[in-house]
Amino acid sequence: MSEQHITPRAKDYAQWYQDVIAAAELAEPAGVVKGCMVVRPHGWAIWEKIQAELDGRFKATGHQNCAFPLLIPLSFLQKESEHATGFAMECAVVTHAGLRAVDGKIELKNELEEPYVVRPTSETIIGHFFAKWIDSYRDLPLLLNQWCSVMRWELRTRLFLRTAEFWWQEGHTAHSTHAEAVEEVHRMLNVYRDVYQDLLAIPVIKGLKTVNEKFAGAHETFCVEALMQDGKSLQGATSHDLGQNFGRAFDVTFQNREGARDFVWQTSWGCTTRTIGALIMVHSDDNGLVLPPRVAPIHVAIVPIWKNDAERAKVLEASEKIAAELREDGLTVKLDDRDIKPGAKYYEWERKGVPLRLEVGPRDLESRTAFAKRRISEGKEKIPFDGIGVAVGKVLDEIQSELFRRALAHREANTVSADKWDDFASIFAGAGSKYVWAHWDGTTETELAIKEATKATVRCVPLPGEGPAAEPGQCIKTGRPSTQRVLFSKNY
């Protein structure tokens, strides 16, 4: 049971984030493997809930899971120049196979004829196999997804948000027309939006990435962005229109309906374990982790209270009946019958983010009610034993809705429009950040100048209905014409 101290958010937000992870026993730095993390069972259980939700939605839209090699020939990355350049500095490379002992020391044995890159993403190797599998328009669309880990050698790491190795899913599809590919890009972007909002209770904004921020090798990149409690944005997931770039690089052609050969149109899209970082930074508080019920590995912790063996037997019997009824209703329940003080149990389950705690003691058996403590509320309420499954389900639904409402209210309270550079710059002074809608002239030069001056970046160009209605204006930095406001923020 963790005794980890949690630094208040107002004192040191970055340290608070690390403390919540440690106190909730979600993960820890690997230490012996630079830049990597160990995801502990409670953290992995959250990822499994996210996986299950995404996986079900992928399969419902016709995608099939598969697996491709961890190691990718170096020559594959060189076939798409923009892709290779974009990932070059992050690649880990395997150059030898086998070891040998020499004078009591271990040395590398066989140098490979061609080095392998440890998978940073799989567009290249999947392009190679697409070329083998696709011959006709009848083979299209090809809709695949892969659950795996990838490695991108990061210099500055932060648990869940940016580590050398992380876990994700990567979808890869091939289509006969660009219109079909674009439809796929937006279909999957909407899946990510729905999972963030319905499962994680996190409101997001859908938008187009700038040329400077798009995926290396993509024609266009779309994203969902979420606002954290400190005013910074987190890119929640991305969906890429790859055009025919990888089709040309790997000669992925098909015979179209007219009998001519053409290159396929491809997409790729991904969501990672940084979703857990988003959960922490959107919902949690100074007492520890806060989890929306739909993603919580444990929905209810039951804490039985007794003073002697006779009370213990009766209280445990009642608690076990309650637990069984809740489980029959599809809830995950932890009956905490450890022989330690109830206060220590309260402390642990609060820090681990369990949405609801039920306390059952001898007096509660007489009144046939349990005291219920919501993780996000100060007081307690009574819930009758009779019909407790329905009542608890209703409470959990209320918690889920309340967390989304709070996150949305926080975003609205921290979203502004700016038309003057001094106002814009003052928002991002020091550690400050918000969501700021402002005009931008559309050039990478201006985008980088704004980042240099304020550390704020263009998070996205909003899709219709996701931000202010498009209207002409003047760039916040240069005064040049602009067709619409874009979303600025500092980011993770």
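Described below are features of the structure shown in this document. (Residues numbered from 1 in each chain as written. Predicted model: local features only at pLDDT ≥ 70, side-chain atom pairs only at ≥ 80, totals over all residues. Heavy atoms only, no water.)

Some points on the overall build of the protein
Reasoning step 1: Scanning the protein from N- to C-terminus turns up 14 helices and 25 strands.
Reasoning step 2: Over its C-alpha trace the protein gives a radius of gyration of 26 Å, about what one expects of a compact globule, namely 23 Å for 492 residues.
Reasoning step 3: Taken along the three principal axes of its C-alpha coordinates, the protein extends 80 × 65 × 55 Å.
Reasoning step 4: Of the contacts formed within the protein by residues at least 6 apart in sequence, a portion of 69% connects residues at least 24 apart.
Reasoning step 5: Accessible area for the protein stands at about 22,400 Å²; split by element, carbon and sulfur atoms hold 50% of it. (Helix = DSSP H or I, 4+ residues; strand = E, 2+ residues; numbered from the N terminus. Rg over C-alpha atoms; globule rule 2.2 N^0.38 Å. Contact = heavy atoms within 4.5 Å. Areas by Shrake-Rupley, 256 points an atom, 1.4 Å probe, with all protein chains shown as cover.)

What about helix 10 (residues 342-351)?
Reasoning step 1: Buried within helix 10 we find Lys345, Tyr346, Glu348, Trp349 and Arg351.
Reasoning step 2: Where the residues of helix 10 are buried, they touch helix 1 (13-23), strand 15 (300-304), strand 16 (333-335) and strand 17 (356-360).
Reasoning step 3: Where helix 10 terminates, the next one or two residues include glycine 353, which has phi positive at roughly 80 degrees. (Buried < 20%, exposed > 50% of the residue type's maximum accessible area, 1.4 Å probe, protein only.)

Quick notes on a nonpolar patch on the surface
Reasoning step 1: On the surface, Leu70, Leu71 and Tyr116 cluster together into a nonpolar patch covering about 230 Å² of accessible area.
Reasoning step 2: Structurally, the position occupied by leucine 71 is in strand 4 (residues 71-73). (Patch = residues over 30% accessible without salt bridge, like charges linked within 9 Å, V, L, I, M, F, W, Y side chains within 5 Å. Salt bridge = Lys/Arg side-chain N within 4 Å of Asp/Glu carboxyl O.)

Considering the sheet that holds strand 5 (residues 93-102)
Reasoning step 1: In space, the three strands of this open sheet follow the order 4-6-5, with antiparallel pairing throughout. The sheet is open, and its two borders are formed by strand 4 and strand 5, each paired with just one other strand. Across the sheet, the mean angle from the axis of one strand to that of its neighbour is 40 degrees, orientation sign disregarded.
Reasoning step 2: Sheet topology note: the strand 4/strand 6 (residues 105-118) ladder contains three bridges and is antiparallel. Along strand 6, the bridge assignment pairs proline 73 with tyrosine 116. (Pairing = 2+ DSSP bridges. Axes fitted to C-alpha atoms, helices over the stretch in contact; angles between N-to-C directions.)

Section: the pattern of salt bridges
Reasoning step 1: The tally for this structure, following the rule as stated, stands at 30 salt bridges.
Reasoning step 2: For aspartate 286, the salt bridge is made with arginine 9, and the minimal N-O distance between the two is 2.8 Å. One end of the pair, aspartate 286, is in the loop between helix 8 (274-283) and strand 15; the other, arginine 9, is in the segment before helix 1, with 277 residues separating them in the sequence.
Reasoning step 3: In this structure aspartate 286 comes out as partly exposed when scored by relative accessible area, which is 30%.
Reasoning step 4: A residue is classified by how much of its surface remains accessible, and arginine 9, at 26% relative accessible area, is partly exposed.
Reasoning step 5: Between aspartate 194 and arginine 57 there is a salt bridge, and its shortest N-O distance comes to 4.0 Å. Of this pair, aspartate 194 sits in helix 6 (residues 178-199) while arginine 57 sits in helix 2 (residues 41-60), and the two are 137 residues apart along the sequence.
Reasoning step 6: In the salt-bridge network here, residues are joined through shared partners; they are Glu25, Asp336, Arg338, Glu348 and Lys352.

Some thoughts on the sheet that holds strand 3 (residues 64-66)
In sheet architecture, strand pairing relies on hydrogen bonds along the backbone and comes in two forms, parallel and antiparallel.
Reasoning step 1: An order of 3-7-8-14-11-10-9-22-25-21-20 is seen for the eleven strands of this open sheet, with the pairing classed as mixed. Lying at the two open borders of the sheet, with one neighbouring strand each, are strand 3 and strand 20 (415-417). On average, each strand axis in the sheet is inclined to that of its neighbour by 30 degrees, with strand direction left out of account.
Reasoning step 2: Sheet analysis places strand 22 (residues 457-462) next to strand 25 (residues 485-489), joined by three bridges and oriented antiparallel. Among the inter-strand pairings, valine 458 is bridged to a residue of strand 25, identified as phenylalanine 488.
Reasoning step 3: Helix 5 (residues 123-133) contacts strand 7 (142-151), strand 8 (165-175), strand 11 (233-243) and strand 14 (265-272) of the sheet and is inclined by roughly 30 degrees relative to strand 8.

Brief notes about the packing of aromatic side chains
Reasoning step 1: As enumerated under the stated definition, the model contains 14 aromatic pairs in all.
Reasoning step 2: Look at tryptophan 421 and phenylalanine 424: their rings are 5.4 Å apart centre to centre, the planes differ by 25 degrees, and that puts the pair in the stacked class. Note that tryptophan 421 and phenylalanine 424 are positioned in helix 13 (residues 421-427) at a spacing of three residues, about one turn of the helix.
Reasoning step 3: Take tryptophan 421: its relative accessible area is 23%, and that puts it in the partly exposed class.
Reasoning step 4: One aromatic cluster in this structure is built from Trp47, Phe58, Trp147 and Trp269.
Reasoning step 5: Seen from the ring of tyrosine 492, lysine 232 lies directly overhead, with NZ or CZ sitting 5.2 Å from the centre.
Reasoning step 6: Looking at arginine 357, its charged tip hangs above the ring of tyrosine 346, at a distance of 4.0 Å from the centre. (Phe/Tyr/Trp six-rings, centres within 6.5 Å; stacked < 30°, edge-to-face > 60°. Lys NZ or Arg CZ within 6 Å of the ring centre and 35° of its normal.)

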